[in-house]
Amino acid sequence: PDAIVCIDACFTQKRNRQAHDPPRTHPHTVFIPEQDAEAMEKYIDFIRSKKVPPRKRTNTEEPDHLEGSLRVPKSVLDGCEAGFTAADSRCEKASTQFFDDTTLMALLCRHNIVLFIANMRSAGEKQHYVMVLVETLFQHLPPPYHVGLLYDIGCQTERSCVKWGFLDRYINRLTFGISVFHAFGHQWVCQIIYHPRKRTSFGLSDGEGCERFWHSISKLIAYLHVCGYHQRIYTLDRQVDHAQRETLENLSAWLLRRSQHALTKQKAAESILRDCGKLETDLRAEWKDQVKTQTKPLPRQSQNAGKDAVKELLQMRETRDRLKKREREYDALIEDEATPMDEYIEAKADLESVRVRLQDLNTRIRNKQSVLGVTDRARLRNLMNNPFLTARMNALALKQRLRDQLRARKFEMERLERSFHKQVNANNGLDQKVDAHTASSVRSREPAITKVARSYNTLCATMEKLFADGKAPPGAICPKQLELKGIFDLNVDDTIWEDIGLEDGSPAAPPLWLANESVRAGIKALLERDRCIEEE
């Protein structure tokens, strides 16, 4: 792209409900007129009411697919949408009952200079604010200009543009990406396409310029809460004007730092490329094959349903085994003449309860098995008879749970890592107590997360032993154990994201990008070097 911009909202920049003050306008205001935002909102509502999408099919045989020109399957985009609050415009982040202005949404260039700001009055991140910012940007650019846009939910924004025809005049001149910090909340397939470190032309841009701007004006939060409408906008315009002058004065130093940073990363990447011993053309071919394979839509959702049914059956069988063990223990207590009377009575009552649960569970297991197809029954038999496959399915379940827990923790840490209230309320005892309580709560859950990771590594070690003993199916791949140090960072290239060796259908001759560690390291280094070259 010819220009790279980022968009984000800040819900700490509110204004209390009150009467408007006398008008006051900055000569170089960056605020978009409210009538433009209202016109865009009406346009979007009209388009959505006019193009009512077909009702979702409830048939489990509905195939997964690519929507329009998108490169990420529908099932993945649905998962990203469900995982982000920003994607749900109905989610209230600020009360309109107490605040006239609920937040600000800004559009900045990659040099951290504010281009436009939208004053938001909705409770959530309404999509029309993003659209009006992008529309206004293109109105100030020459026709050939191509723009790279980084946004927390860039994938959902492009999806809306393709689905509803928003920004249709500019869609061919837009490249969407997701900001680096929020990439952890997206599914791996989405990251392959939208992460700026994996998508061409974004260089080392991280999409976090808005966060730096919010930090720079954080000292105004308390004042702007009680400020008049026009005075608030004028004050922000003055602050933006000052920040722009300061940024331009230090632009040469900024460019030098960026250049040195890119050069350092490029040298490190080139060293890895030399050590991996693979040709660059081969690495690019493997990366292309990886993207093609991992972004392929699932053949049918019913295959997932079958896997879920098999997984549920296995869990029910494990529960039944535990109940049978308890039944034997209660039988032993009852038959033992030395058992005290109170324990005897308690065991008798518990035994009846266990037997009722066992009877109900056996019925449910039989019903589940009867509705399984031939393929799923075979899968169930294989899982029951093959310890490697059983360990593999359990490891996949653990890894999925671990990913969910790490994502949840990352969202919790957002307050501590990126809260700009603390700069304003440094002497506020209540705010410090809340931060301390948040940190304590997060830390208290870390041992449980680490325990899940250790359990996963134990299963990986079990699979490695079974593989060495020749008890693994032909073509099976042993998953790589997780590095516990740094597991909470959720970097884009961490092993936690990939399910190598854990999914069904591992090929007899796995591709190099899947099974060869040198190729995998080479691909990461190649992409890193490409971004560094783009940065220069």
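This is a predicted model, so every value here is computed, not measured. (Residues numbered from 1 in each chain as written. Predicted model: local features only at pLDDT ≥ 70, side-chain atom pairs only at ≥ 80, totals over all residues. Heavy atoms only, no water.)

Undergrad: When you look at the sheet that holds strand S7 (residues 174-178) in this model, what are you seeing that I'm missing?
TA: Either a parallel or an antiparallel arrangement is found when strands of a sheet pair, and the pairing is made through backbone hydrogen bonds. Read from one edge to the other, the open sheet built from 5 strands follows the order S5-S4-S1-S6-S7, with strand pairing classed as mixed. The open sheet has two edge strands, strand S5 (114-120) and S7, and neither has a second partner. Taking the axes of each pair of neighbouring strands and ignoring which way they run, one obtains an average angle of 20° across the sheet. Judged from the 6 bridges that link them, strand S1 (residues 3-10) and strand S4 (residues 103-109) form a sheet pairing that is antiparallel. Directly across from Ile7, in S4, lies its bridge partner Leu107. Helix H3 (residues 127-139) rests against S1, S4, S5, strand S6 (147-151) and S7 of the sheet, and its axis sits at about 150° to S5. Seen against the sheet, helix H4 (residues 154-164) touches S6 and S7 and runs at an angle of roughly 145° to S7. (Pairing = 2+ DSSP bridges. Helix = DSSP H or I, 4+ residues; strand = E, 2+ residues; numbered from the N terminus. Axes fitted to C-alpha atoms, helices over the stretch in contact; angles between N-to-C directions. Contact = heavy atoms within 4.5 Å.)

Undergrad: Is there a simple way to think about the pattern of salt bridges in this case?
TA: Close approach of charged atoms lets side chains of opposite charge pair. Here the structure, examined in full by the defined rule, presents 25 salt bridges. With a shortest N-O distance of 2.6 Å, Arg15 and Asp101 are connected by a salt bridge. Of this pair, Arg15 sits in strand S2 (residues 15-16) while Asp101 sits in strand S3 (residues 99-101), and the two are 86 residues apart along the sequence. Comparing Arg15 with Asp101 shows no difference in burial state: the two are buried. The partner of Arg258 in a salt bridge is Glu535, and the shortest N-O contact between them spans 3.0 Å. Of this pair, Arg258 sits in helix H9 (residues 251-276) while Glu535 sits in helix H18 (residues 517-535), and the two are 277 residues apart along the sequence. Judged by relative accessible area, which is 14%, Glu535 ranks as buried. Residues participating in the shared-partner salt-bridge network are Arg15, Arg17, Glu34, Asp100, Asp101, Arg121 and Arg232. (Salt bridge = Lys/Arg side-chain N within 4 Å of Asp/Glu carboxyl O. Buried < 20%, exposed > 50% of the residue type's maximum accessible area, 1.4 Å probe, protein only.)

Undergrad: What's the story with the confidence of the model for the protein in this structure? I'm lost.
TA: The predicted coordinates ought not to be read in detail in places where the model reports low pLDDT. Chain-level statistics for the protein give a pLDDT mean of 81 and a share of 79% at 70 or above. Predicted confidence for residues 57-61 stays below pLDDT 50, and this span has 6 contacts to residues more than four positions away or in other chains. (pLDDT = per-residue confidence, 0-100.)

Undergrad: Looking at this model, I keep getting lost on unusual backbone geometry. Mind explaining?
TA: Peptide bonds are trans in most cases, and residues, glycine excluded, mostly fall at negative phi. You will see that Asn112, though not glycine, has its phi angle at about 70°, which is positive. Of the residues examined, Asn112 reaches a relative accessible area of 23% and is grouped as partly exposed. With phi around 55°, Leu167 is a residue other than glycine that occupies positive phi space. By the element assignment, Leu167 lies in the loop between H4 and S7. With relative accessibility at 7%, the residue Leu167 sits in the buried group.

Undergrad: How should the packing of helix H2 (residues 74-83) against H4 be read in this particular structure?
TA: For any two helices packed against each other, the geometry is given by the interaxial angle and the distance between the axes. Running from N to C, H2 and H4 point in directions that differ by 125°, and their axes come no closer than 10 Å. On the basis of their axis angle, the class for H2 and H4 is oblique. The element H2 and its partner H4 pack so that their crossing is left-handed. Taken together, the residues of H4 that come into contact with H2 (itself represented by Lys74, Leu77, Asp78, Cys80 and Glu81) are Cys155, Gln156 and Arg159. (Parallel < 35°, antiparallel > 145°, perpendicular 65-115°, else oblique. Left-handed = near helix turned anticlockwise from the far one by under 90°.)

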